[in-house]
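# Tertiary structure, described
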Amino acid sequence: MGLKMQLTEFQLWPADGTSTNIGLHGFSVWISVLQLLLPVNYRHMAMKETKIKIWKFFKVIVSSLLITTLVLFTAATIRTLSLDVNVGLQLAHWEKSKNISLVIDQRHREELLGNFKEALRIPTVSFSETESNATALRQFDAFLRKAFPTVFSSSVVHHELVANYSHLFRVQGSQPDSVPYLLLAHIDVVPAKESDGWEAPPFSAKEIDDFIYGRGTIDDKCAVMGILQALEYLLIRGYTPRRGFYIGLGHDEEIRGFHGAKNIVRVMKERGVKLSFVLDEGLAILDGVISGLDGPAALIGVSEKGSANVKLSVTMAPGHSSMPPRESSIGILAAAVKRLEENPLPRLFGHGPERETFEHLAHKFGLPLKFIMSNLWLFSPLLGRVLEGKPDTNALVRTTTAVTMFNAGVKVNIIPSLAEAYVNLRIHSAQTLQEVLDFIHATVGDQRVKIELIDGFDPLPVSSSDERSFGFQIIKKTVLDMFPTLTVAPGICIGNTDSRHFKDLSNDIYRFAPVWFKPGDAQRFHGINERISKKNYEELVVFYFNLFQNCDIQKLPELHASIHEL
């Protein structure tokens, strides 16, 4: 039989021994049957092995997750129990100094409160960048000379007027090799009208329930007068500082300080002055303001948010309201503004000094907040989401966007040719002005909307606040010497101060005054019923009195070893 016959014809033998001839088609059917029957057990075994492998892989993943979670939880728990960044130099041996004590008796109390009230009654108002009360500023100059005769006559104090109304004092130290520092405050105040709802006339310095009411009580004549009153008392007692220092009093801080503070900087630069640190207004002592915190906290500002004022405008041909176009200038601009409001800049919590704030305060919270705040390396995204839920804490989390002005139209039946909106942005420390502008352009996304930067600047550099930071630790020590139960932490100023002009003179700029803020007091700032308690003003005088002397320390003590071993 040939090859062809072998491939197309087969002989099969049934059980009875007879043979059967089938063709190629029959053989194919037989083979198919065998393929269906023979691998059944094999397929079952393969599926079983696959399930076992999947189960083993699943157990490995679950076990890894459990182990990782346990490790993270253990590390977080240890950090929660051990973290107290506030101890630091409090346990170290500070350089001994023979500080003069200030005991405020009734005579001193009447004197310092009388001076403070008189300062408040002088309406040194900055109305706008082109209008201020020059008469009041000259009156204030004469008042200072009368109130603090020793300061103006002392041989160790050199005083000069800058830009006609600002003041610069240089207090000579006995050790010229010590790098001087600068205390800043400002004379001017924002406008105030009794008709706005004040309980007392805003320039009356009236006492109500042991509080003094008046514009400038907390912003910022309490610092102006507290600094000079403290220096007056020290000089009367024969004090000569070892470390020299400067006092700068600007006259136009409320209108950005372009004449006062900037000219003080110019004068100091011309003389080659470099500063150990700068202390200006800014943050305060918060009592009952931070929900969940056990006790009050003193926040020392180590930076300020940047700022930008941006103008958006749309220009079109005017027309009559009876024949309106599909889109008007107002509609186009409103849509652009809506996009900005609906698309906030990214959340950046944990990338700026706000992280240090919460870590410093963590040990004063109860569980679970203590656990979360002690471990921001793990929980920053969670806490950031919580904080962005309220306007006041959202300002800590991101660059904020506020539409502050919208102008369009001159008549009810005319479609305006021009619509304008102004947007104020406060820039987070982790962003730059240029990044914010790029975001605005991308978000608006409409070539018909013209975007212009009116003015702006980057966030201020973050000043040091660790155990080697001379300025921060001296301020902190002065606070804790007076108020031992306080928690002290670095913070971020969401507003701006004159100190931003001094960044070329020092790497370390701090913003703090020991003014006590209770719930609701923040609204008095630039608002109605601005006030300070008589006791608190006395505390300011004592604070600066002690600060001057504490700054005579030549260097910080050695670090307390046990903190770092822990």
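Please refer to the structure placed before this passage.
Heads up: these notes are all about the structure in this document. (Residues numbered from 1 in each chain as written. Predicted model: local features only at pLDDT ≥ 70, side-chain atom pairs only at ≥ 80, totals over all residues. Heavy atoms only, no water.)

### Comments concerning the overall build of the chain
Across its full length, the chain holds 17 helices and 21 strands. Within the chain, the fraction of its 566 residues that count as buried is 48%. In the chain, of all internal contacts separated by at least 6 residues, the share reaching a separation of at least 24 is 80%. For the chain, the computed accessible surface area is about 28,600 Å², with 57% contributed by carbon and sulfur atoms. (Helix = DSSP H or I, 4+ residues; strand = E, 2+ residues; numbered from the N terminus. Buried < 20%, exposed > 50% of the residue type's maximum accessible area, 1.4 Å probe, protein only. Contact = heavy atoms within 4.5 Å. Areas by Shrake-Rupley, 256 points an atom, 1.4 Å probe, with all protein chains shown as cover.)

### Thoughts on a nonpolar patch on the surface
Side chains of Trp55, Phe58, Val62 and Leu66 sit close together on the surface and give an oily, nonpolar patch of about 420 Å² of accessible area. Judged by its relative accessible area of 45%, Phe58 is partly exposed. (Patch = residues over 30% accessible without salt bridge, like charges linked within 9 Å, V, L, I, M, F, W, Y side chains within 5 Å. Salt bridge = Lys/Arg side-chain N within 4 Å of Asp/Glu carboxyl O.)

### Examining the environment of Ser155
Relative to the assigned elements, Ser155 resides in the loop between helix H6 (149-153) and strand S5 (157-162). Here Ser155 falls in the exposed class, since its relative accessible area comes to 73%. For the pair Ser155 and Val171, spaced 16 residues apart in sequence, the C-alpha to C-alpha distance is 9.1 Å.

### Concerning the side chain of His108
Within the secondary structure layout, His108 lies in helix H4 (residues 106-120). Engagement of the side chain of His108 in a polar contact is seen with the side chain of Arg107, the distance being 3.3 Å. The contact partners of His108, leaving out residues within four places of it in the chain, are Val103, Tyr233 and Arg237. (Polar contact = N/O pair within 3.5 Å; in protein donor to acceptor, adjacent residues only side chain to side chain.)

### As for the environment of Ala119
Position of Ala119 relative to the elements: it lies in helix H4. Residues Ala119 and Ala147, spaced 28 residues apart in sequence, show a C-alpha to C-alpha distance of 9.5 Å. Once you skip the residues sitting within four places of it in the chain, Ala119 turns out to touch Phe140, Phe143, Lys221 and Met225.

### Re the sheet that holds strand S13 (residues 306-315)
Pairing between the strands of a sheet comes from backbone hydrogen bonds, and it takes one of two forms, parallel or antiparallel. Strand order in the open sheet formed by four strands is S15-S17-S13-S18, with antiparallel pairing between adjacent strands. In this open sheet, the two edge strands, each paired with only one partner strand, are strand S15 (400-408) and strand S18 (450-457). Between one strand axis and the next, the sheet turns by 20° as a mean value, whatever way the strands run. In terms of strand pairing, S15 meets strand S17 (residues 418-427) through eight bridges, oriented antiparallel. Within S17, the residue paired with Ala402 across the bridge is Asn424. Against the sheet, helix H9 (residues 329-342) touches S13, S15 and S17, its axis set at about 15° to S17. Its contacts with the sheet put helix H14 (residues 433-444) on S13, S17 and S18, and the angle it makes with S18 is roughly 160°. (Pairing = 2+ DSSP bridges. Axes fitted to C-alpha atoms, helices over the stretch in contact; angles between N-to-C directions.)

### Describing the packing of aromatic side chains
In total, this model carries 14 aromatic pairs according to the counting rule given. Between Phe152 and Phe169 the ring centres are 5.5 Å apart and the planes differ by 75°, which places this aromatic pair in the edge-to-face class. Taken together, the residues span a long stretch of sequence, with Phe152 in helix H6 and Phe169 in strand S6 (residues 166-171) at a distance of 17 residues. Of the residues examined, Phe169 reaches a relative accessible area of 0% and is grouped as buried. Aromatic ring contacts, followed pair by pair, group Tyr181, Phe245, Phe277, Phe470, Phe472, Tyr510 and Phe548 into a single cluster. (Phe/Tyr/Trp six-rings, centres within 6.5 Å; stacked < 30°, edge-to-face > 60°.)

### Some remarks on the sheet that holds strand S9 (residues 211-213)
Read across the open sheet, the three strands follow the order S8-S9-S21; overall the sheet is antiparallel. Only two strands of the sheet have a single neighbouring strand rather than two, namely strand S8 (207-208) and strand S21 (531-533). Against the sheet, helix H16 (residues 534-550) contacts S8, S9 and S21, and its axis sits at roughly 80° relative to S21.

### Quick word on the pattern of salt bridges
Enumeration over the complete set of coordinates arrives at 23 salt bridges. Of the charged contacts, one joins Arg347 and Glu388 as a salt bridge, the two residues approaching to 3.3 Å between their closest N and O atoms. With a gap of 41 residues between them, Arg347 in the loop between H9 and helix H10 (354-361) and Glu388 in the loop between helix H12 (376-387) and helix H13 (391-397) connect regions that are remote in the sequence. By relative accessible area, Glu388 is classed as partly exposed at 25%. In this structure, Asp446 engages Arg448 in a salt bridge whose closest nitrogen and oxygen atoms are separated by 2.9 Å. The structure contains a network of salt bridges with shared partners spanning Lys117, Glu207, Asp210 and Lys534.

### Some points on the packing of helix H7 (residues 221-236) against H16
Helix-helix packing: each pair is described by the crossing angle between the helix axes and the interaxial distance. Running from amino to carboxyl end, H7 crosses H16 at an angle of 55°, the nearest separation of the two axes being 8 Å. When the axis of H7 is compared with that of H16, the two are oblique. Like other packed secondary-structure pairs, H7 and H16 cross with a definite hand, here right-handed. In contact with Cys222, Ala223, Met225, Gly226, Ile227, Gln229, Ala230, Leu231, Tyr233 and Leu234 of H7, H16 contributes Tyr537, Leu540, Val541, Tyr544, Phe545, Phe548 and Gln549. Taken together, the residues that form the contact of H7 with H16 break down as 14 nonpolar, three polar and no charged. (Parallel < 35°, antiparallel > 145°, perpendicular 65-115°, else oblique. Left-handed = near helix turned anticlockwise from the far one by under 90°. Nonpolar A, V, L, I, M, F, W, Y, C, P; charged D, E, K, R; others polar.)

### Observations regarding H9
Side chains that are three or four residues apart share a direction in an α-helix, a result of its 3.6 residues per turn. The first and last C-alpha atoms of H9 sit 20 Å apart over 14 residues, in line with the 20 Å expected at 1.5 Å per residue. Within the span of H9, buried status applies to Ser329, Ile332, Leu333, Ala336, Val337 and Leu340. The buried residues of H9 occupy an angular sector of 130° when projected down its axis, which confines them to one face. Exposed residues on H9 whose side chains face more than 90 degrees from its buried face are Glu341 and Glu342. Residues of H9 that are buried sit in contact with S13, S15, S17 and H14. (Expected span 1.5 Å × (residues − 1). Arc of directions from axis to C-beta.)

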